[in-house]
Amino acid sequence: MLTHMWISYQDLGEFKSNKGSSAVEFPENQYICYMNVFKWEMESGDIDMESSDQRLTTIDSDLELTGSNFFSTHPDQDSLEFKSPKASFDTKKKKLICDKIFI
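Residues numbered from 1 in each chain as written. Predicted model: local features only at pLDDT ≥ 70, side-chain atom pairs only at ≥ 80, totals over all residues. Heavy atoms only, no water.

1. Quick notes on the overall build of the protein
Let me state the cut-off plainly: Numbering of helices and strands runs from the N terminus, with a helix taken as a DSSP run of H or I at least four residues long and a strand as a DSSP run of E at least two residues long. Relative accessibility under 20% of the residue-type maximum defines a buried residue, over 50% an exposed one, and the middle range a partly exposed one, all with a 1.4 Å probe and only protein chains included. Should any heavy atoms of two residues lie within 4.5 Å, those residues are considered in contact. Each accessible area is a Shrake-Rupley result for a 1.4 Å probe, and residues are judged covered by the shown protein chains and nothing else.
Each helix and strand in the protein was counted, giving zero helices and ten strands. Traced from its N-terminal end to its C-terminal end, the protein shows the element sequence β-β-β-β-β-β-β-β-β-β. Out of the 103 residues in the protein, the part that is buried amounts to 32%. The contacts of the protein with a sequence gap of at least 6 include a subset with a gap of at least 24, amounting to 40%. For the protein, the accessible surface area stands at approximately 7100 Å², while carbon and sulfur atoms represent 50% of it.

2. A short note on the nonpolar core
Counted only if it meets this: We define a nonpolar core as any set of buried Ala, Val, Leu, Ile, Met, Phe, Trp, Tyr and Cys residues linked to one another through side-chain atoms lying within 4.5 Å.
Membership of the largest hydrophobic core comes to 13 residues, with the highest contact counts inside it found for Phe26, Cys33, Met35, Met49, Phe70 and Leu96. Sorting the residues of this core by element identifies β3 (22-26), β4 (31-35) and β9 (86-90) as the ones contributing at least two each. Ranked by residue count, the leading element in this core is β4, at three residues. In contact with phenylalanine 26, not counting residues within four places along its chain, are Tyr31, Cys33, Met49, Phe89 and Leu96.

3. Points about the state of the cysteines
Note the threshold: By convention in this document, the label disulfide applies to cysteine sulfur atom pairs within 2.5 Å.
Under the definition given, this model contains zero disulfides. The structure places no disulfide on cysteine 33, whose sulfur is separated from the nearest cysteine sulfur, that of cysteine 98, by 7.5 Å. Using a relative accessible area of 0% as the deciding quantity, one classes cysteine 33 as buried.

4. A look at the packing of aromatic side chains
As a reminder of what qualifies: A pair of aromatic rings is counted whenever rings of Phe, Tyr or Trp (Trp by its six-membered ring) have centres within 6.5 Å, and the orientation is called stacked for planes under 30 degrees apart, edge-to-face for over 60 and tilted otherwise.
Counted by the stated rule, this structure contains four aromatic pairs. Judged by centre distance (5.1 Å) and plane angle (5°), the ring pair of phenylalanine 70 and phenylalanine 82 falls under stacked. Pair noted here: phenylalanine 70 is in strand β7 (residues 70-72) and phenylalanine 82 is in strand β8 (residues 81-82), with a separation of twelve residues, a long-range link. Each member of the pair, phenylalanine 70 as well as phenylalanine 82, is classed as buried. Put simply, the rings of Tyr31, Phe70 and Phe82 touch in pairs and so form one group of aromatic residues.

5. Looking at the pairing of β4
Heads up, the rule is: Here the rule is simple: two strands pair whenever DSSP picks up at least two bridges between them.
For β4, a buried count of five out of five residues is recorded, marking the element as mostly surrounded by other parts of the structure. With burial as the criterion, each face of β4 is covered, one bearing Tyr31, Cys33 and Met35 and the other bearing Ile32 and Tyr34. Note that β3 and β4 share five bridges and pair antiparallel. If you follow phenylalanine 26 over to β4, its bridge partner there is tyrosine 31. Linkage of β3 to β4, two consecutive antiparallel strands, is achieved through a turn of four residues, within which glutamine 30 is found at a positive phi near 60°.

6. Observations concerning the environment of serine 44
Let me state the cut-off plainly: For this analysis, a polar contact is any N or O atom pair within 3.5 Å, provided that within protein one partner can donate a hydrogen and the other can accept it, and provided that sequence-adjacent residues contribute only side-chain to side-chain pairs.
Mapping serine 44 onto the fold places it in the loop between β5 (37-41) and β6 (46-50). The class for serine 44 is partly exposed, based on a relative accessible area of 28%. Spatially, the C-alpha atoms of serine 44 and aspartate 11 are 9.5 Å apart, while their sequence positions differ by 33 residues. Side-chain polar atoms of serine 44 contact the backbone nitrogen of aspartate 46, separated by 3.2 Å.

Worth remembering: the numbers are spatial, not functional.
Structure representation (structure tokens):
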């Protein structure tokens, strides 16, 4: 749940989750991630995301996925998951770019 928001006159929106990480779905990319800080550059359509939460991220699953915050939802990529503290999403090209990936 995002409850803190700030929008500048320079078309920049900043959003922070007050209660841990928020789930973000990327249906075109078939991924879901958990982040808690978001910066939206409205003109370019880019969204920068960050996980400043040092606690481990988990989801309900029979698999051990502790520590990851990116999870594939593609049916042929069973249990594909990784951790990336920062990522960007180009809303126009539907391109997801992750930084400092840990497996």
